[in-house]
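# A look at the structure
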Amino acid sequence: NAGVTQTPKFQVLKTGQSMTLQCAQDMNHEYMSWYRQDPGMGLRLIHYSVGAGITDQGEVPNGYNVSRSTTEDFPLRLLSAAPSQTSVYFCASRRGDGNQPQHFGDGTRLSIL
Amino acid sequence: GQSLEQPSEVTAVEGAIVQINCTYQTSGFYGLSWYQQHDGGAPTFLSYNALDGLEETGRFSSFLSRSDSYGYLLLQELQMKDSASYFCAVSGTGFQKLVFGTGTRLLVSP
(Lines give C-alpha, C1' and ligand atoms only; values in the text may rest on other atoms or scores of the structure.)
Protein backbone atom coordinates (compact mmCIF):
# COMPACT_ATOMS: atom_id res chain seq x y z
CA ASN A 1 0.00 0.00 0.00
CA ALA A 2 1.26 3.44 -0.93
CA GLY A 3 -0.95 5.12 1.69
CA VAL A 4 -1.19 8.90 1.14
CA THR A 5 0.93 10.24 -1.70
CA GLN A 6 1.68 13.93 -2.12
CA THR A 7 3.32 15.58 -5.10
CA PRO A 8 5.50 17.51 -5.49
CA LYS A 9 7.75 17.15 -2.45
CA PHE A 10 9.33 20.58 -2.97
CA GLN A 11 8.22 23.62 -4.93
CA VAL A 12 9.34 27.22 -5.31
CA LEU A 13 6.89 29.74 -6.70
CA LYS A 14 6.89 33.42 -7.42
CA THR A 15 4.33 35.70 -5.86
CA GLY A 16 1.12 35.68 -7.89
CA GLN A 17 1.65 32.29 -9.49
CA SER A 18 -0.93 29.56 -9.09
CA MET A 19 -0.37 25.89 -8.59
CA THR A 20 -2.02 22.67 -7.47
CA LEU A 21 -0.69 20.36 -4.78
CA GLN A 22 -1.69 16.82 -5.48
CA CYS A 23 -2.86 14.26 -2.92
CA ALA A 24 -3.97 10.71 -3.53
CA GLN A 25 -4.79 7.85 -1.17
CA ASP A 26 -5.33 4.20 -1.97
CA MET A 27 -7.01 3.12 1.27
CA ASN A 28 -10.58 3.96 0.20
CA HIS A 29 -10.82 6.47 3.04
CA GLU A 30 -13.85 8.74 3.21
CA TYR A 31 -12.24 11.64 5.02
CA MET A 32 -9.41 13.71 3.61
CA SER A 33 -7.86 16.93 4.89
CA TRP A 34 -5.21 19.50 4.09
CA TYR A 35 -3.06 21.08 6.80
CA ARG A 36 -0.29 23.62 6.76
CA GLN A 37 2.51 23.58 9.29
CA ASP A 38 4.52 26.65 10.21
CA PRO A 39 7.18 26.83 12.95
CA GLY A 40 5.53 27.19 16.35
CA MET A 41 2.04 27.07 14.86
CA GLY A 42 1.37 23.37 14.82
CA LEU A 43 -0.87 21.91 12.16
CA ARG A 44 -3.65 24.17 10.96
CA LEU A 45 -6.59 22.77 9.03
CA ILE A 46 -7.13 24.40 5.62
CA HIS A 47 -9.94 22.38 4.03
CA TYR A 48 -11.41 18.96 4.52
CA SER A 49 -13.74 16.54 2.77
CA VAL A 50 -16.04 13.83 4.08
CA GLY A 51 -16.56 12.18 0.72
CA ALA A 52 -16.55 12.69 -3.03
CA GLY A 53 -18.31 15.92 -3.92
CA ILE A 54 -18.33 17.24 -0.34
CA THR A 55 -15.81 19.76 0.97
CA ASP A 56 -15.75 22.29 3.78
CA GLN A 57 -13.50 24.98 5.19
CA GLY A 58 -11.13 24.52 8.06
CA GLU A 59 -9.34 27.10 10.22
CA VAL A 60 -7.33 28.89 7.51
CA PRO A 61 -9.08 28.47 4.13
CA ASN A 62 -8.39 31.87 2.56
CA GLY A 63 -6.30 31.72 -0.61
CA TYR A 64 -6.91 28.00 -1.15
CA ASN A 65 -9.46 25.97 -3.09
CA VAL A 66 -10.18 22.26 -3.03
CA SER A 67 -12.36 19.79 -4.88
CA ARG A 68 -13.08 16.10 -4.39
CA SER A 69 -14.26 14.50 -7.60
CA THR A 70 -13.15 11.00 -6.61
CA THR A 71 -12.63 9.16 -3.31
CA GLU A 72 -8.91 8.84 -4.04
CA ASP A 73 -7.89 12.39 -4.94
CA PHE A 74 -8.03 15.68 -3.04
CA PRO A 75 -6.00 18.43 -4.77
CA LEU A 76 -5.27 21.77 -3.10
CA ARG A 77 -5.10 24.84 -5.33
CA LEU A 78 -3.26 28.04 -4.51
CA LEU A 79 -5.03 30.72 -6.50
CA SER A 80 -2.43 33.51 -6.35
CA ALA A 81 0.58 32.57 -4.26
CA ALA A 82 1.70 34.95 -1.51
CA PRO A 83 4.85 34.81 0.67
CA SER A 84 2.59 34.15 3.68
CA GLN A 85 1.73 30.80 2.11
CA THR A 86 5.30 29.58 2.45
CA SER A 87 4.84 26.48 4.57
CA VAL A 88 4.88 22.71 4.72
CA TYR A 89 1.60 21.26 3.50
CA PHE A 90 0.32 17.89 4.67
CA CYS A 91 -2.52 15.91 3.21
CA ALA A 92 -4.20 13.33 5.43
CA SER A 93 -6.91 10.72 5.19
CA ARG A 94 -8.83 8.50 7.57
CA ARG A 95 -11.48 5.85 7.36
CA GLY A 96 -14.33 7.38 9.32
CA ASP A 97 -15.00 9.59 12.27
CA GLY A 98 -12.49 11.41 14.43
CA ASN A 99 -11.42 8.41 16.48
CA GLN A 100 -9.86 6.66 13.52
CA PRO A 101 -6.12 7.09 12.94
CA GLN A 102 -5.37 9.82 10.47
CA HIS A 103 -2.71 8.90 7.90
CA PHE A 104 -0.49 11.67 6.63
CA GLY A 105 1.45 12.09 3.42
CA ASP A 106 5.14 13.04 3.51
CA GLY A 107 4.35 16.70 2.92
CA THR A 108 5.05 19.34 0.29
CA ARG A 109 7.57 22.02 1.18
CA LEU A 110 6.46 25.18 -0.59
CA SER A 111 8.39 28.44 -0.81
CA ILE A 112 6.88 31.60 -2.24
CA LEU A 113 9.37 34.26 -3.28
CA GLY B 1 -14.48 26.67 17.37
CA GLN B 2 -11.79 24.61 18.95
CA SER B 3 -8.56 25.50 20.72
CA LEU B 4 -5.91 23.40 22.42
CA GLU B 5 -3.02 24.28 24.72
CA GLN B 6 0.16 22.29 25.21
CA PRO B 7 3.55 23.18 26.70
CA SER B 8 5.95 24.20 23.97
CA GLU B 9 8.88 22.09 25.17
CA VAL B 10 9.66 19.34 27.66
CA THR B 11 13.07 17.86 28.45
CA ALA B 12 13.89 14.52 30.09
CA VAL B 13 16.64 11.92 30.30
CA GLU B 14 16.73 8.41 28.94
CA GLY B 15 14.82 5.92 31.06
CA ALA B 16 12.68 8.58 32.71
CA ILE B 17 8.92 9.12 32.57
CA VAL B 18 7.45 12.29 31.06
CA GLN B 19 3.91 13.64 30.90
CA ILE B 20 2.71 16.00 28.19
CA ASN B 21 -0.46 17.87 29.06
CA CYS B 22 -3.20 19.13 26.80
CA THR B 23 -6.17 21.30 27.67
CA TYR B 24 -8.86 21.98 25.13
CA GLN B 25 -11.90 24.06 24.43
CA THR B 26 -14.41 22.83 21.92
CA SER B 27 -18.12 23.12 21.25
CA GLY B 28 -19.01 19.47 21.12
CA PHE B 29 -16.44 16.81 21.85
CA TYR B 30 -15.91 13.38 20.38
CA GLY B 31 -12.39 12.50 21.38
CA LEU B 32 -8.78 13.43 21.99
CA SER B 33 -5.99 12.03 19.82
CA TRP B 34 -2.21 12.12 20.07
CA TYR B 35 0.29 12.20 17.22
CA GLN B 36 4.08 12.03 17.08
CA GLN B 37 6.19 13.88 14.54
CA HIS B 38 9.96 13.57 14.10
CA ASP B 39 11.85 16.47 12.55
CA GLY B 40 11.32 16.52 8.80
CA GLY B 41 8.74 13.76 8.96
CA ALA B 42 4.99 13.38 8.86
CA PRO B 43 2.78 13.06 11.95
CA THR B 44 1.92 9.51 12.97
CA PHE B 45 -0.98 8.37 15.12
CA LEU B 46 -0.27 7.28 18.70
CA SER B 47 -3.56 6.99 20.59
CA TYR B 48 -7.16 8.07 20.97
CA ASN B 49 -9.41 8.63 24.01
CA ALA B 50 -13.15 9.04 23.71
CA LEU B 51 -14.00 8.16 27.30
CA ASP B 52 -12.50 9.20 30.62
CA GLY B 53 -9.57 7.19 31.86
CA LEU B 54 -6.26 5.77 30.80
CA GLU B 55 -5.47 3.99 27.53
CA GLU B 56 -2.19 2.06 27.45
CA THR B 57 -0.22 1.13 24.35
CA GLY B 58 3.19 -0.25 25.20
CA ARG B 59 5.40 2.45 26.68
CA PHE B 60 2.85 5.14 25.85
CA SER B 61 -0.37 5.86 27.74
CA SER B 62 -2.98 8.54 27.20
CA PHE B 63 -5.44 9.91 29.71
CA LEU B 64 -8.63 11.90 29.34
CA SER B 65 -10.85 13.81 31.76
CA ARG B 66 -13.82 15.20 29.85
CA SER B 67 -15.14 17.11 32.87
CA ASP B 68 -11.83 18.99 33.08
CA SER B 69 -11.34 19.28 29.30
CA TYR B 70 -7.90 17.85 29.91
CA GLY B 71 -5.75 15.03 28.75
CA TYR B 72 -2.15 13.91 28.85
CA LEU B 73 0.27 11.63 27.10
CA LEU B 74 2.56 9.61 29.35
CA LEU B 75 5.80 8.25 27.93
CA GLN B 76 7.68 5.69 30.02
CA GLU B 77 11.19 4.28 29.75
CA LEU B 78 12.18 7.14 27.51
CA GLN B 79 14.52 6.40 24.63
CA MET B 80 16.52 8.79 22.48
CA LYS B 81 14.25 7.98 19.54
CA ASP B 82 11.32 9.47 21.48
CA SER B 83 12.77 12.94 20.85
CA ALA B 84 10.07 14.42 18.63
CA SER B 85 7.10 16.76 18.66
CA TYR B 86 3.85 15.52 20.13
CA PHE B 87 0.48 16.93 19.16
CA CYS B 88 -2.90 16.54 20.77
CA ALA B 89 -5.92 16.87 18.52
CA VAL B 90 -9.66 17.07 19.07
CA SER B 91 -12.59 16.06 16.95
CA GLY B 92 -15.42 18.31 17.98
CA THR B 93 -18.30 20.10 16.40
CA GLY B 94 -19.11 18.59 13.05
CA PHE B 95 -17.32 15.42 14.08
CA GLN B 96 -15.40 15.28 10.84
CA LYS B 97 -12.79 17.93 11.56
CA LEU B 98 -9.63 17.03 13.44
CA VAL B 99 -7.98 20.15 14.89
CA PHE B 100 -4.44 20.04 16.28
CA GLY B 101 -2.67 21.82 19.10
CA THR B 102 0.59 23.68 18.55
CA GLY B 103 2.66 20.72 19.70
CA THR B 104 5.16 19.91 22.44
CA ARG B 105 8.77 19.35 21.54
CA LEU B 106 10.28 16.56 23.66
CA LEU B 107 14.05 16.47 24.01
CA VAL B 108 15.49 13.28 25.48
CA SER B 109 19.10 13.45 26.61
CA PRO B 110 21.47 10.62 27.54
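Preceding this paragraph is the structure being described.
Predicted model only: the values in this text are computed from it and were never measured.

### Points about the interface of chain A and chain B
The partner chain B presents 19 residues to the 24 residues of chain A that form the contact. Here chain A and chain B share zero salt bridges between them. On inspection of chain A and its partner chain B, the count reaches four residue pairs in polar contact (both at pLDDT 80 or more). Within the residue set of the side of chain A that touches chain B, elements represented by two or more residues are β4 (31-38), β5 (42-51) and β9 (87-94) of chain A. Top element by residues in the side of chain A that touches chain B is β5(A). It accounts for five residues.

### Here we look at the state of the cysteines
All names here are of chain B. Throughout the structure, instances matching the rule amount to two disulfides over all chains. Across a sulfur-sulfur distance of 2.1 Å, cysteine 22 and cysteine 88 are joined as a disulfide pair. Across the disulfide from cysteine 22 to cysteine 88, rotation about the S-S bond amounts to roughly 75°, and the bridge is consequently right-handed. With cysteine 22 in strand β3 (residues 18-26) and cysteine 88 in strand β9 (residues 84-92), this pair connects stretches of sequence that are 66 residues apart. Taking the relative accessible area as the measure of exposure, cysteine 22 reaches 0% and is therefore buried. Relative accessible area serves as the criterion here: at 0%, cysteine 88 is assigned to the buried category.

### Thoughts on the packing of aromatic side chains
Each aromatic ring pair is summarised here by two numbers: the centre-to-centre distance and the angle between the ring planes. Counted according to the given criterion, the structure contains 12 aromatic pairs over all chains. Pairing A:Tyr35 with A:Phe104 gives two aromatic rings, centres 5.8 Å apart and planes at 45°, and the pair type is tilted. Here A:Tyr35, found in strand β4, pairs with A:Phe104, found in strand β10 (residues 103-104); they are 69 residues apart in sequence, far enough to count as distant. For the pair shown, A:Tyr35 and A:Phe104 are each scored as buried. By way of ring pairs, the aromatic residues A:Tyr35, A:Phe90, A:Phe104, B:Tyr35, B:Phe45, B:Phe87 and B:Phe100 are connected into one cluster. Over the ring of A:Phe74 we find A:Arg68, and its NZ or CZ is 6.0 Å from the ring centre.

### A look at the side chain of B:Asp82
Inspection of the secondary structure puts B:Asp82 in the loop between β8 (70-75) and β9. Sequence-distant contacts of B:Asp82, that is, excluding residues within four places in its chain, are made with B:Arg59, B:Phe60, B:Leu75, B:Glu77, B:Leu106 and B:Val108.

### So, unusual backbone geometry
Residue A:Pro8 is reached from A:Thr7 by a cis peptide bond, and omega for that bond is -5°. One can find A:Pro8 in the loop between β1 (4-7) and β2 (10-13). Despite not being glycine, B:Ser69 has its phi angle at roughly 50°, a positive value. Tracing the backbone through its elements, the reader meets B:Ser69 in the loop between β7 (60-65) and β8. Even without being a glycine, B:Glu77 presents a positive backbone phi close to 45°.

### Here we look at the pattern of salt bridges
All names here are of chain B. Tallied over the full model, the rule gives six salt bridges over all chains. For the salt bridge of aspartate 39 with arginine 105, the shortest nitrogen-to-oxygen distance reads 2.8 Å. Note that aspartate 39 is positioned in the loop between β4 (29-37) and β5 (44-49) and arginine 105 in strand β11 (residues 104-109), a separation of 66 residues in sequence. Here arginine 66 makes a salt bridge to aspartate 52, at a shortest N to O gap of 3.1 Å. One end of the pair, arginine 66, is in the loop between β7 and β8; the other, aspartate 52, is in the loop between β5 and β6 (53-57), and 14 residues separate them in sequence. A relative accessible area of 39% means that arginine 66 is categorised as partly exposed.

Cut-offs applied
Residues numbered from 1 in each chain as written. Chains lettered and ligands numbered in written order. Predicted model: local features only at pLDDT ≥ 70, side-chain atom pairs only at ≥ 80, totals over all residues. Heavy atoms only, no water. Contact = heavy atoms within 4.5 Å. Salt bridge = Lys/Arg side-chain N within 4 Å of Asp/Glu carboxyl O. Polar contact = N/O pair within 3.5 Å; in protein donor to acceptor, adjacent residues only side chain to side chain. Helix = DSSP H or I, 4+ residues; strand = E, 2+ residues; numbered from the N terminus. Disulfide = S-S within 2.5 Å. Buried < 20%, exposed > 50% of the residue type's maximum accessible area, 1.4 Å probe, protein only. Phe/Tyr/Trp six-rings, centres within 6.5 Å; stacked < 30°, edge-to-face > 60°. Lys NZ or Arg CZ within 6 Å of the ring centre and 35° of its normal.

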